[in-house]
Amino acid sequence: MADLKENLALLKAACDNPKARLDYYLAQGKKVVGCFPPYTPEELVHASGMIPMGLWGGQVEPKLAKSYLPAFACPIMQSDMEFGLNGTYEGLSAVIIPAICDTLRCMTQNWRFGVKSIPMIPIVYPQNRKSPASVDYLISEFETVLTMLTTITGNMMNEAALCRSINIYNEHNAIMRRFAQVANDHLDVITPKVRHAVFKSAFFYEKGEHTAIVREIVEELEKLPVCHWTGPKVVLAGITCEPDQILDILSENQVAVVADDLAQESRQYRADTPEKGGGGLKRLALQWNERYGCSLIHELGKPRGAMLVKMCQETGAQGVISCMMKFCDPEEYDQPWYENDLHDAGYHTVAVSIDQQVGSFEQIRTRIQSFCEML
Ligand code: SF4
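Everything numeric here is computed off the predicted structure, so don't read it as measured data. (Residues numbered from 1 in each chain as written. Predicted model: local features only at pLDDT ≥ 70, side-chain atom pairs only at ≥ 80, totals over all residues. Heavy atoms only, no water.)

**Comments concerning empty space enclosed by the protein**
So, point 1. In total, this model carries one cavity of 30 Å³ or more according to the counting rule given.
So, point 2. One number sums up the size of the largest cavity: a volume of about 290 Å³.
So, point 3. Lining the largest cavity are 26 residues, and of these Thr40, Glu42, Glu43, Gln268 and Arg291 sit closest to its centre.
So, point 4. Looking at the lining of the largest cavity residue by residue, the class counts come to 16 nonpolar, six polar and four charged. (1 Å grid on protein atoms, 1.4 Å probe; cavity = no way out; pocket = protein on both sides within 12 Å on 5 of 7 lines; lining within 4 Å. Points joined across faces, edges and corners; volume = space filled by probe spheres on them. Nonpolar A, V, L, I, M, F, W, Y, C, P; charged D, E, K, R; others polar.)

**Let's talk about the site of the ligand**
So, point 1. With respect to spatial proximity, the complete set of residues near the ligand consists of Cys74, Met77, Cys101, Thr103, Leu104, Leu296, Met325 and Cys328.
So, point 2. Among the cavities detected, the one that contains the ligand is the largest pocket.
So, point 3. Among the residues forming the shell around the ligand, the class breakdown is seven nonpolar, one polar and no charged.
So, point 4. Built from parts of two domains, the shell around the ligand gets at least three residues from each of domain 2 (31-157) and domain 3 (230-375). (Near = heavy atom within 4 Å. Sits in = over half its atoms within 2 Å of the grid points. Domains from an automatic or database assignment.)

**Let's talk about the sheet that holds strand β7 (residues 319-325)**
So, point 1. Spatially, the four strands line up as an open sheet ordered β6-β5-β7-β8, and their pairing is parallel. Edge positions in the sheet fall to β6 (256-262) and β8 (348-354), since each has one partner strand and no second. Direction aside, the axes of adjacent strands within the sheet are offset by 25 degrees on average.
So, point 2. Inspection of the sheet shows β7 paired to β8 by seven bridges, in the parallel sense. Each residue of the ladder has a partner; that of Met324, found in β8, is Ser353.
So, point 3. Lying on the sheet, helix α13 (residues 329-344) is in contact with β5 (233-238), β7 and β8; it crosses β7 at an angle near 170 degrees. (Pairing = 2+ DSSP bridges. Helix = DSSP H or I, 4+ residues; strand = E, 2+ residues; numbered from the N terminus. Axes fitted to C-alpha atoms, helices over the stretch in contact; angles between N-to-C directions. Contact = heavy atoms within 4.5 Å.)

**Quick notes on the nonpolar core**
So, point 1. Grouped together as the largest cluster of nonpolar side chains are 106 residues, with contacts concentrated most on Leu44, Trp111, Leu149, Phe179 and Leu236.
So, point 2. With nine residues, the single largest contributor to this core is helix α7 (residues 159-183).
So, point 3. One finds Ala259, Val309, Cys312 and Tyr347 within the second-largest nonpolar core, a separate group that totals 17 residues. (Core = buried A, V, L, I, M, F, W, Y, C linked by side-chain atoms within 4.5 Å. Buried < 20%, exposed > 50% of the residue type's maximum accessible area, 1.4 Å probe, protein only.)

In structure tokens, the structure reads:
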């Protein structure tokens, strides 16, 4: 069993060098499937005996991608396209792209024509989740994904394997939620950057392996004395809050992150796959209907604001930082709604622009310093 410091360093290293994780699995003779953000049916990949690996972009200047994407495509997709075109993602057996926003819809076609060496598997999630037909429809989408995965493995996944994978993913969801809770008693150790690394690293590990590491981290944290944090506490909302320089600015200002509504972090773990309700594919489809509080999922009445208010109340956060991914329409549509709800409830908000390609963080530093003065 590794100690707390070693485990945290391990997860940070995975975030700093995801390619090393890809090479590690390839060296073991495993096949790896790239999973575009924000949601893909990773369980199907896992149950097919392959490693699902998240593709959340990175700090690269788009050059080749400019021939495929307009300048107003979001930075994550610019980076993913660049990595696909420049060979960084070589070794992946396929990528799965959820056509869940306009940019991702375009990405399916850009990838198909631009990155011919890595097959692309599209999936379209239903937005009218009230209709029972949405479940049948999503099952048929999963079946198409499975058929394409079979062309890679040569074997059709079976029901027992899918049930095992669903259990592994539900266990992982539970340990990530537990980590988020325990972390709040140790904000001196779990700084914003450390918290982010624990969440993000999940995309670069087989989920059972990640569960084992995070469980050790939680157990070690529980042995430490509780830290009574006196600085400002915030909730992060948005798609991602990176690169790390932004999280360092929070630490410089003694700001602790006590909860998040980031697509890359806690949004992944809100909804378990139900234990009952049918076979594995049907239960996975039902999980989609359980997801909530996400700009990419249609919900009547815009309940995300109330959800964020509740998060602040439960964690003692004084405000919310909207981590606004540049050119992300779904998040931009949601922001005025949830910020109004937060203001009505007496919470402060500030928006910072997230751009993986940017090199200067002085504007963000100034905005966060001013925000802290209000808290
Ligand atoms: S949801 Fe936003 S960040 Fe994600 S792919 Fe679409 S535009 Fe980009």
